[in-house]
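# Structural description and commentary
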Amino acid sequence: MTRIPPLTDLPAWQALKTHHAAIKGLHLRQLFAEDAGRGQRFAAEAAGIYLDYSKNRITADTLRLLVRLAEACGLRERIDAMFSGERINLTEDRAVLHVALRAPASERILVDGIDVVPVVHAVLERMAAFSDQVRSGRWQGHTGRRIRTVVNIGIGGSDLGPVMAYEALRHYSTRDIDFRFVSNVDGTDFKEAVSDLAPEETLFIVCSKTFTTSETLANAHAARQWLLDAMVSSRAVRRHFVAVSTNAEAVAAFGIDPVNMFGFWDWVGGRYSMSSAIGLSTMLAVGADNFRAMLAGLHAMDQHFRRTPFERNLPVLMGLLAVWHANFFDARTMAVLPYDQYLKRFPAYLQQLTMESNGKHVTLAGARADYQTSPVIWGEPGTNGQHSFYQLLHQGTQLIPCDFIGFCQTLNPVAHHHDLLMANLFAQTEALAFGKTTEEARAEGTPDWLSMHRSFEGNRPTNTLLAERLTPHALGALIALYEHSVFTQGVVWQIDSFDQWGVELGKALAQRIMPELQAADRSPLAHDSSTNALIRRYVGIRDTRT
Ligand code: F6P
């Protein structure tokens, strides 16, 4: 990897600082008034997704400088390195090849000299055959009954991607099978998921890249016990459990027949794994053809990211705008606002994708970053959010860039609901950009004393993403768009977007505390005084339960 000077020393960064000082006072009202074509000029389209980024506080110079920054940070080189299977996940010494999961069979992608595309397609074939069997009823449970419920057990990337995709593609999902997702180690999650299920008709998919994650294993053990309580014979596990993992040994040790395991590889990060066999629940829900259409959408965006000049490259533009807002406007959070009820879990999915990838303060060179990295990502579907937190978006003291996502055709026409939904989306981006001055408020008859309360500064940045309709292909393109935008941001911030060391300490401490909670004797605790007192209080009150 070419050695790149610290980010803030780069001339391109310095140039952006100077440029920011010069244009930060500009208002979107002025920018639009001066350029009648702005709404079309600052827009780009790829893989069926139209991105309007004109309502951001940028000029043509801003774009030029941001692209220069991307080049200075070696983005082109890093994209090539990722696609060609180099070990760009430096701290874990791994290749990063989720793009290989959606590559057509004709492509060759080498990892350590071996083409991985054939194995990817072999697993896809097995998934398709299995999903056909389950969906058609040919796969039967231990007592000969067909499967009526699929329960996905997994957490983090082994849950958020699958549940998001299941909800997003529900329109295309079979209604013959019910899908549930258990992630939390809180027993309530498991109990509520299975309380009304018939074990003879239930299939569990245990999803875990490592097959060591304590929450997933605890839930998988609970599921096996629940099944065996009803079925007695341990042979039943074979018909009611499948696993998705990279760890065949641990799967076998758990008692799942390796024949019922779908594999993937260490070059697929957990939060980038929903297009691998981790998506088995998605395929069971929507069928192999729709799953393949989703992969095609992902691939179309992958190709666009790989080959398109940065000025017209959607993930690059979105990534650079995120940098612009975080580092030059000090935006600490970013909202993702899908105007589609099917995308209700999309913000939660993006939280892991973005924050586990780029929530880092140590650079690849091992220095402390002296600039902000990932903003906090959050969001809710529109129009619900409008009646909740949009007040702060419009009139709060913080600048919160927003991504609005909408579709031109609804999957569920109901009277004029879709026009109403989209009218709200367009209105929100317009209001956030242009606001309403105190003069305008007064001209509407607002008394002087109220005019400040009823005015809107505007100048609040938004992107609008518009696609024809929420198809599997469109969902795939949208996911890859955000994946590569996150990568772009990580490259600029000079961090490893593919490790997650920050989750380790809490896991290790929980492992130390667990035996202390279960010990029969009350040996002295050796934590800090707060943790000791909390543990004692918890155990004391827990043990009074009759
Ligand atoms: O704890 C974080 C994490 O490692 C995520 O990166 C990952 O998606 C999740 O846990 C689940 O891991 P696994 O699939 O190995 O159970």
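Here the focus is the pairing of strand 10 (residues 333–338). Here is the key point about a regular strand: its side chains alternate between the two faces of the sheet. Buried residues dominate strand 10, accounting for six of its six residues. Sheet topology note: the strand 10/strand 12 (residues 402–407) ladder contains four bridges and is parallel. Paired with Pro338 across the bridge in strand 12 is Ile405.

Before going further, it helps to examine the site of the ligand. The environment of the ligand is formed by 14 residues, the closest being Ser158, Ser208, Thr210, Thr213 and Glu356. Here an oxygen atom of the ligand sits 2.7 Å away from a polar atom, N or O, in the main chain of Gly157. Taking Ser158, its side chain carries an N or O atom lying 2.7 Å from an oxygen atom of the ligand. Protein chains bury 87% of the 390 Å² of accessible surface belonging to the ligand in isolation. Grouping the constituent residues of the shell around the ligand by class yields two nonpolar, nine polar and three charged.

Take Trp493: it is sitting in helix 20 (residues 472–493). Those residues in contact with Trp493 that lie beyond four places of it in its chain are Leu7, Val323, Ala326, Asn327, Asn358, Thr363, Tyr371, Gln372, Thr373, Ser374 and Pro375. In terms of polar contacts, Trp493 uses its side chain to reach the backbone carbonyl oxygen of Gln372, at 3.4 Å.

Between helix 1 (residues 11–23) and helix 14 (residues 314–328), whose axes approach to 12 Å, the crossing angle comes to 70°. In terms of their interaxial angle, helix 1 and helix 14 are classed as roughly perpendicular. Of the residues in helix 14, those in contact with Trp13, Leu16, Lys17, His19, His20 and Ile23 of helix 1 are Trp324, Asn327 and Phe328. Looking at the contact of helix 1 with helix 14, its residues break down into five nonpolar, three polar and one charged.

Glancing now at the nonpolar core. Within soluble globular proteins, side chains that are nonpolar generally end up buried alongside one another. Core analysis: the biggest nonpolar cluster contains 127 residues, and Leu69, Trp267, Phe346, Leu475 and Tyr482 have the highest contact counts within it. With 13 residues, helix 20 is the largest single contributor of residues to this core. Each residue touching Trp267, except ones within four places of it in the same chain, is listed here: Ala95, Val96, Leu97, His98, Ala100, Leu101, Val111, Val116 and Val120. In this structure, Ile153, Ala220, Leu228 and Phe241 belong to the second largest nonpolar core, which totals 24 residues.

Rules used throughout
- Residues numbered from 1 in each chain as written.
- Predicted model: local features only at pLDDT ≥ 70, side-chain atom pairs only at ≥ 80, totals over all residues.
- Heavy atoms only, no water.
- Buried < 20%, exposed > 50% of the residue type's maximum accessible area, 1.4 Å probe, protein only.
- Helix = DSSP H or I, 4+ residues; strand = E, 2+ residues; numbered from the N terminus.
- Pairing = 2+ DSSP bridges.
- Near = heavy atom within 4 Å.
- Polar contact = N/O pair within 3.5 Å; in protein donor to acceptor, adjacent residues only side chain to side chain.
- Areas by Shrake-Rupley, 256 points an atom, 1.4 Å probe, with all protein chains shown as cover.
- Nonpolar A, V, L, I, M, F, W, Y, C, P; charged D, E, K, R; others polar.
- Contact = heavy atoms within 4.5 Å.
- Axes fitted to C-alpha atoms, helices over the stretch in contact; angles between N-to-C directions.
- Parallel < 35°, antiparallel > 145°, perpendicular 65-115°, else oblique.
- Core = buried A, V, L, I, M, F, W, Y, C linked by side-chain atoms within 4.5 Å.

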